[in-house]
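Remarks on the overall topology
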Amino acid sequence: MATTTFFYTLLAIILLSLTSVSNACPPSDRAALLAVRAALKEPYLGIFNSWKGYDCCHNCLTIADWKGISGPIPPCIAYLPFLRVLDLIGNKLTGEIPTDIGRLSRLTVLNVADNQLSGTIPRSLTNLSSLMHLDIRGNRISGTLPINFGKLRMLSRALLSRNKLNGLIPYTISYIYRLSDLDLSLNQFSGPIPASLGKMAVLATLNLDGNQMSGTIPPNLINSSISILNLSRNAIEGYIPDVFGPRSYFTAIDLSYNKLRGRIPKSISSATYIGHLDVSHNHLCGRIPAGSPFDHLEASSFVYNDCLCGKPLRAC
């Protein structure tokens, strides 16, 4: 079984899980599965022996926890109308995400992270109206995000880091009112950071590090629900917004390796909490403010700026 391709393994597991339920398959679905079964030869394990009759759909179909799977994701996976979870993280899948993936209207989890997938994000993906968790990290997926990405209104986590995605971040992401975790890091996104991201009610983690983002930091990112903000290793210019206040609560805020200038705003001291702050490798100048949170930060958080001074750096 070590050499079983993803295509054969997928169909084997699907057919094993197709037990009798009260609702029979629609004729078109049953015909498609029968055609696939007729095309396969598996004489040793008898994995298809129990699949027969008319009741061949399962109302909570899940495909998860497979390891050692290789090959492309077969297009027929898009024709399993009861599929709810597709979790194939950490395998050796190749090829592209199936073009018709958007047909899976009941799919809540799509996790194909840490594989070798390529191609672009299918435009039909935005039709996954039940999708709550999207994870395609660590692949070779390129191209742009669909402009209508905001159609995924049920989405709570969108993890797309470590790919080759490019272009602008679509403003429609801000329409996803349930989104709490957005990770677009280590791609090739460019252009300004959409200010609308700062208006999202439950967005707690925003990772845009390692891209080609430009423009300035939208001030409303500072007074938002975001508690982890990573904008490091981009080409962001301008000043750090001097708008910190009681609503500013950051477990971590990383602005390092950009083109920021000016002073570190004194209003940072009025934030409710800042656990970690990194503004190194910019063009900042002036005295580092005293008090919290600066009294617990290391010098590495401030080095390689134009003319910062004061604790924990040299005296002014």
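Residues numbered from 1 in each chain as written. Predicted model: local features only at pLDDT ≥ 70, side-chain atom pairs only at ≥ 80, totals over all residues. Heavy atoms only, no water.

Per an unreviewed UniProt entry, the protein carries the name Leucine-rich repeat-containing N-terminal plant-type domain-containing protein and comes from Rehmannia glutinosa.

1. As for the pairing of strand β9 (residues 164-167)
Consecutive residues of a regular strand have side chains that alternate between opposite faces of the sheet. The criterion, for reference: Paired strands, as defined in this entry, are two strands with at least two bridges between them according to DSSP. Here a strand is any run of E in DSSP of at least two residues, a helix any run of H or I of at least four, and the numbering for each starts at the N terminus.
With two bridges connecting them, strand β7 (residues 142-143) and β9 associate as parallel partners. Each bridged residue has a counterpart across the sheet, and for G143 the counterpart in β9 is L165. Summarising the sheet, β9 and strand β11 (residues 188-191) pair through two bridges and their orientation is parallel. By the bridge assignment for β11, G167 is matched with F189.

2. Regarding the sheet that holds strand β20 (residues 283-287)
Sheet architecture is open: three strands sit in the order β17-β20-β21, paired in parallel fashion. Looking at the sheet topology across the chains shown, the edges are occupied by β17 (261-262) and β21 (307-309).

3. Quick word on unusual backbone geometry
Cis rather than trans, the peptide bond between S292 and P293 has omega equal to 0°. With respect to the element layout, P293 can be found in the loop between β20 and β21. At the junction of K311 and P312, the peptide bond is cis and its omega measures out at 5° in the coordinates. Here P312 lies in the segment after β21. A positive phi angle, close to 60°, is found at R162, a residue other than glycine.

4. Let's talk about the pairing of strand β3 (residues 83-87)
Under the convention used in this document: Think of it in three bands: with a 1.4 Å probe and only protein chains considered, a residue is buried below 20% of the maximum accessible area for its type, exposed above 50%, and partly exposed in between.
In terms of residue burial, β3 counts as a mostly covered element, since four of its five residues are buried. When β3 meets strand β5 (residues 109-111), the two strands line up parallel, connected through three bridges. Following the sheet pairing, D87 is matched in β5 by N111.

5. Structural notes on the environment of D278
For the record, the criterion: In this description, contact between two residues means that some pair of their heavy atoms is separated by no more than 4.5 Å.
Along the polypeptide, D278 turns up in strand β19 (residues 277-278). Spatially, the C-alpha atoms of D278 and L297 are 8.7 Å apart, while their sequence positions differ by 19 residues. Beyond its immediate chain neighbours, meaning those up to four positions away, D278 contacts I253, D254, L255, S256, S300 and S301.

6. Overview of the state of the cysteines
Worth spelling out the cut-off: In this description, the term disulfide denotes a pair of cysteine sulfurs within 2.5 Å.
Applying the stated criterion across every chain, the model contains two disulfides. The side chain of C285 participates in a disulfide bridge whose partner is C307; the two sulfur atoms lie 1.5 Å from each other. Its S-S torsion of about 100° marks the bond between C285 and C307 as right-handed, since a negative value means left-handed. Here C307 lies in strand β21 and C285 lies in strand β20, a separation of 22 residues in the sequence. What makes C285 partly exposed here is its relative accessible area of 24%. One disulfide in the model links C309 with C316; its S-S distance is 1.9 Å. Residues C309 and C316 are joined by a disulfide whose S-S torsion is about 95°; by sign, that bridge is right-handed.

7. Points about the sheet that holds strand β13 (residues 212-213)
Here four strands make up an open sheet; going across it, the order is β7-β9-β11-β13 and the pairing parallel. The sheet is open, and its two edges are formed by β7 and β13, each paired on a single side.

8. Quick notes on the confidence of the model for the protein
To be explicit about the condition: Per residue, pLDDT captures the predictor's confidence, and it can take any value from 0 to 100.
Looking at the protein as a whole, the pLDDT averages 86, with 80% of positions reaching at least 70. Contacts from residues 16-23, a stretch scored under 50 in pLDDT, to residues over four places away or in other chains number 16 contacts. Low pLDDT (under 50) marks residues 56-60, which in the prediction has 19 contacts with non-local residues, meaning those over four places away or in another chain.

9. A short note on the side chain of S301
If you trace the backbone, S301 turns up in the loop between β20 and β21. S301 gets classed as buried once you look at its relative accessible area, which sits at 3%. When neighbours within four sequence positions are excluded, S301 is seen to be in contact with H276, L277, D278, V279 and S280.

10. Quick notes on the packing of aromatic side chains
Rules: Stacked, tilted and edge-to-face pairs are distinguished by plane angle, under 30 degrees for stacked and over 60 for edge-to-face with tilted covering the rest, among Phe, Tyr and Trp rings (Trp via its six-membered ring) whose centres lie within 6.5 Å. Only lysine NZ and arginine CZ atoms are considered, and such an atom sits over a ring when it is within 6 Å of the ring centre and within 35 degrees of the ring normal.
Evaluated as defined, the whole model comprises four aromatic pairs. Taking 6.0 Å as the distance between ring centres and 85° as the angle between the ring planes, the aromatic pair formed by Y171 and Y175 counts as edge-to-face. Taking 5.1 Å as the distance between ring centres and 35° as the angle between the ring planes, the aromatic pair formed by Y249 and Y273 counts as tilted. Taken together, the residues Y249 in strand β15 (residues 249-250) and Y273 in strand β18 (residues 273-274) connect sequence positions 24 residues apart. A residue is classified by how much of its surface remains accessible, and Y273, at 39% relative accessible area, is partly exposed. In this structure, R233 is placed above the aromatic ring of Y257, and the distance from its NZ or CZ to the ring centre is 3.9 Å.

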